[in-house]
Amino acid sequence: LKDGIVTVGYNLTDFCPPPFTPRVDKSNLIPPGCVVLNNEAFSVNYADCCIRWGLYESAKRFVGWPIVPGFDIAGTIDLVGGNSGDFKSGDRVFGITLFGAYSSRVLVPVEQLRKVPEHLTTAEAAAIPAVAFTALHALSLAGHFPGKSKFQNKAILIHSAAGGVGSMLVQMSKILGLSPVVGVVGSSSKVNEAKALGCDVVIDKSTQDLWSAAEDAAPEGYAAIMDANGVSTLQRSYDHLAPAGRLVVFGFHSNLPMGRAALSPMEWIRMARKAASMPAFDPMDMTTDNKSVLGFNLSFMAKEKEAMNELFDTVLLWLNEKKLRCPRVVEMDIEDIAKAHELIQSGKSIGKIVMKT
């Protein structure tokens, strides 16, 4: 970055278009309610690979090209604009930016930041926001937050339970009193991690029949199923909901290439075929089945400040109470960002990958 220039999220377009600001090297140049963060760590999400491929809708719609990917940030505040509450230079904070996290310096609204709990490292703090907010909003859509679940059936099935969002979903489901918490993992190397997170039952789909094991764990079906897999599991996930159950969708990993840095023409053809195979859920059938399908992407929710603040405040409370722990973190230097993308695309990563700037 040039002197005085920092990255910025799309929700500060009134100040400047993303991804870069004009000079903001003095406090009086910073828009009210914002700070310049010395960003010491950011996490890598699968969404970042989709942004690189040009497949992430909010990135195309709100930023375009060029773009600086990334959502999770953690570091120390450098400069503070007016009306920034009790934040001051030197505060250690973490939070989220709506793109622009792959940077050593970021302009961020203070409402998107919180002070880092003392027991967390900066890298651990950077691993938390996007996956935690996604998990808690998914549980809200499923009807199990805020407050304890009021549904008689409290069984939940979580795909990719040892991943970033999955690790948060498992822990939050336990906090909110859901049971049994059934986690699905894709390899035997992830079973112990899923158990350590709190799963009552872990299904290793590399050695078990996923849906037979799911039926054994919850014979009456599931109140909620959390699915970011896409075409490979969506229909069967819906089929295994209990009456009044909710399928919450927040990704489509199986529709996308795994372990490939670039998209060849054949990959585009494969993706088109998978898209054509996606299940269609008929509203009349859903009504008579008494089941729901809900989808979301938090990167579209810049204007939902009250909802996002509730998510952040709840996550921070659980972190401070040590009810919620950071997922396993793999730290890498920013020079190894290509290796980090290769690892997350491979499907072999456990927990979160965090880059140190």
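That block above? That's the structure.
These numbers were taken from a predicted model, which means no experiment stands behind them.

Novice: What exactly am I supposed to notice about helix α5 (residues 164–175) here?
Specialist: Every α-helical turn comprises 3.6 residues, leaving residues that sit three or four positions apart pointing alike. Along its twelve residues, α5 runs 17 Å from first to last C-alpha, staying within 8% of the 16 Å computed at 1.5 Å per residue. Burial analysis of α5 places eleven of its twelve residues in the buried class, the great majority of the element. Among the residues of α5, G164, V165, G166, S167, M168, L169, V170, Q171, M172, S173 and I175 are the ones counted as buried. Two residues or fewer past α5, G177 is found with a positive phi of approximately 85 degrees.

Novice: Looking at this structure, I do not really get the layout of surface pockets. What am I missing?
Specialist: A water-sized probe rolled over the atoms picks out the places where empty space is left. Size it by volume and the second largest pocket reaches roughly 230 Å³. Of the residues belonging to the lining of the second largest pocket, the class tally is nine nonpolar, two polar and three charged.

Novice: Hey, could you run me through the packing of aromatic side chains in this one?
Specialist: The geometry of an aromatic ring pair comes down to the distance between the two centres and the angle between the two planes. Counted under the stated rule, the structure contains 13 aromatic pairs. An angle of 90 degrees between the planes, with centres 5.4 Å apart, marks the rings of F94 and F312 as edge-to-face. Here the residue F94 occupies a position in strand β4 (residues 92–96), and F312 occupies one in helix α11 (residues 305–320), the gap between them amounting to 218 residues. Comparing F94 with F312 shows no difference in burial state: the two are buried. Look at F145 and W318: their rings are 6.4 Å apart centre to centre, the planes differ by 70 degrees, and that puts the pair in the edge-to-face class. Highlighted residues: F145 in the loop between α4 (129–141) and β7 (156–158) and W318 in helix α11, separated in sequence by 173 residues. You can call F145 buried: its relative accessible area is 10%. Classification of W318 by relative accessible area gives buried; the value is 7%. The residue whose ring lies beneath K291 is Y238, and the NZ or CZ to ring-centre distance is 4.9 Å.

Novice: Would you explain the sheet that holds strand β9 (residues 201–204) in this entry?
Specialist: Within a sheet, adjacent strands bond to each other through the backbone by hydrogen bonds, running parallel or antiparallel. Taken in spatial order, the six strands line up as β9-β8-β7-β10-β11-β12 in an open sheet, and their pairing is parallel. Each edge of the open sheet is held by one strand with a lone partner, namely β9 and β12 (292–295). In this sheet, adjacent strand axes meet at a mean angle of 15 degrees when their direction is disregarded. Contacting β7, β8 (181–185) and β10 (222–227), α5 crosses the sheet at an angle of about 160 degrees to β7. Packed onto the sheet, helix α7 (residues 210–217) meets β7, β8, β9 and β10 and runs at close to 170 degrees relative to β9.

Novice: I tried to follow the pairing of β10 on my own but got confused; where do I start?
Specialist: Residues in a regular strand point their side chains to alternate faces of the sheet. In terms of burial, β10 is a largely internal element, six of the six residues being buried. In this structure, β7 lies alongside β10, joined through three bridges in parallel fashion. Bridge assignment links I158 to a residue of β10, and that residue is M226. Here β10 pairs with strand β11 (residues 241–249) via five bridges, running parallel. Bridged to A224 within β11 is R246. Between β10 and its parallel partner β11, the chain crosses via helix α8 (residues 234–239), and the hand of that crossover is right-handed.

Novice: Sorry if this is basic, but what is going on with the nonpolar core here?
Specialist: One recurring pattern in soluble globular proteins: nonpolar side chains tend to sit buried together. Residues F99, F133, M172, M226 and V315 are the most contacted members of the largest nonpolar core, which totals 96 residues. In this view, M226 contacts A138, L139, A142, I156, L157, I158, H159, L169, V248 and F250; residues no more than four positions away in its chain are not counted.

Novice: It is not clear to me how the pattern of salt bridges should be interpreted in this structure. Could you clarify?
Specialist: Tallied over the full model, the rule gives 14 salt bridges. For E57, the salt bridge is made with R61, and the minimal N-O distance between the two is 3.5 Å. With E57 and R61 both in helix α2 (residues 57–62) and four residues apart, this pair spans about one turn of that helix. The partly exposed category is assigned to E57, whose relative accessible area is 36%. Note that D333 and K356 form a salt bridge whose closest N and O atoms lie 3.8 Å from each other. Taken together, the residues D333 in strand β13 (residues 329–333) and K356 in strand β14 (residues 352–356) connect sequence positions 23 residues apart.

Novice: Where do I start with the packing of α4 against α5 in this structure?
Specialist: In a pair of packed helices, the angle between the axes and the distance between the axes together describe the arrangement. Put simply, α4 and α5 touch, their axes get as near as 8 Å, and they point 50 degrees apart. Taken as axis vectors, α4 and α5 run oblique relative to one another. Seen from above, α4 lies across α5 with right-handed handedness. Of the residues in α5, those touching α4 at V131, A132, T134, A135, L136, A138 and L139 are G164, V165, M168, L169, M172 and S173. Its residues assigned to classes, the contact of α4 with α5 shows ten nonpolar, three polar and no charged.

Novice: I tried to follow the side chain of K291 on my own but got confused; where do I start?
Specialist: Here K291 lies in the loop between α10 (283–289) and β12. Although buried, K291 forms no salt bridge, and the nearest oppositely charged side chain, D289, lies 5.1 Å from it. Here Y238 takes part through its backbone oxygen, which lies 3.1 Å from a polar atom of the side chain of K291. Residues contacting K291, with those up to four places away along its chain left out, are Y238, D239, L241, A242, G245 and M286.

Novice: Explain the pairing of strand β5 (residues 105–109) here, please?
Specialist: Of all five residues in β5, five are buried; the element is thus mostly enclosed. Sheet analysis places strand β1 (residues 7–8) next to β5, joined by two bridges and oriented parallel. The residue bridging T7 from the neighbouring strand is V106, located in β5. When strand β2 (residues 34–44) meets β5, the two strands line up antiparallel, connected through five bridges. Each bridged residue has a counterpart across the sheet, and for L37 the counterpart in β5 is V106.

Definitions and limits used
- Residues numbered from 1 in each chain as written.
- Predicted model: local features only at pLDDT ≥ 70, side-chain atom pairs only at ≥ 80, totals over all residues.
- Heavy atoms only, no water.
- Helix = DSSP H or I, 4+ residues; strand = E, 2+ residues; numbered from the N terminus.
- Expected span 1.5 Å × (residues − 1).
- Buried < 20%, exposed > 50% of the residue type's maximum accessible area, 1.4 Å probe, protein only.
- 1 Å grid on protein atoms, 1.4 Å probe; cavity = no way out; pocket = protein on both sides within 12 Å on 5 of 7 lines; lining within 4 Å.
- Points joined across faces, edges and corners; volume = space filled by probe spheres on them.
- Nonpolar A, V, L, I, M, F, W, Y, C, P; charged D, E, K, R; others polar.
- Phe/Tyr/Trp six-rings, centres within 6.5 Å; stacked < 30°, edge-to-face > 60°.
- Lys NZ or Arg CZ within 6 Å of the ring centre and 35° of its normal.
- Pairing = 2+ DSSP bridges.
- Axes fitted to C-alpha atoms, helices over the stretch in contact; angles between N-to-C directions.
- Contact = heavy atoms within 4.5 Å.
- Right-handed = clockwise from strand over helix to strand, strands pointing away.
- Core = buried A, V, L, I, M, F, W, Y, C linked by side-chain atoms within 4.5 Å.
- Salt bridge = Lys/Arg side-chain N within 4 Å of Asp/Glu carboxyl O.
- Parallel < 35°, antiparallel > 145°, perpendicular 65-115°, else oblique.
- Left-handed = near helix turned anticlockwise from the far one by under 90°.
- Lys, Arg positive; Asp, Glu negative; His and termini not counted.
- Polar contact = N/O pair within 3.5 Å; in protein donor to acceptor, adjacent residues only side chain to side chain.

Everything listed is a geometric property; what it means functionally is a separate question.
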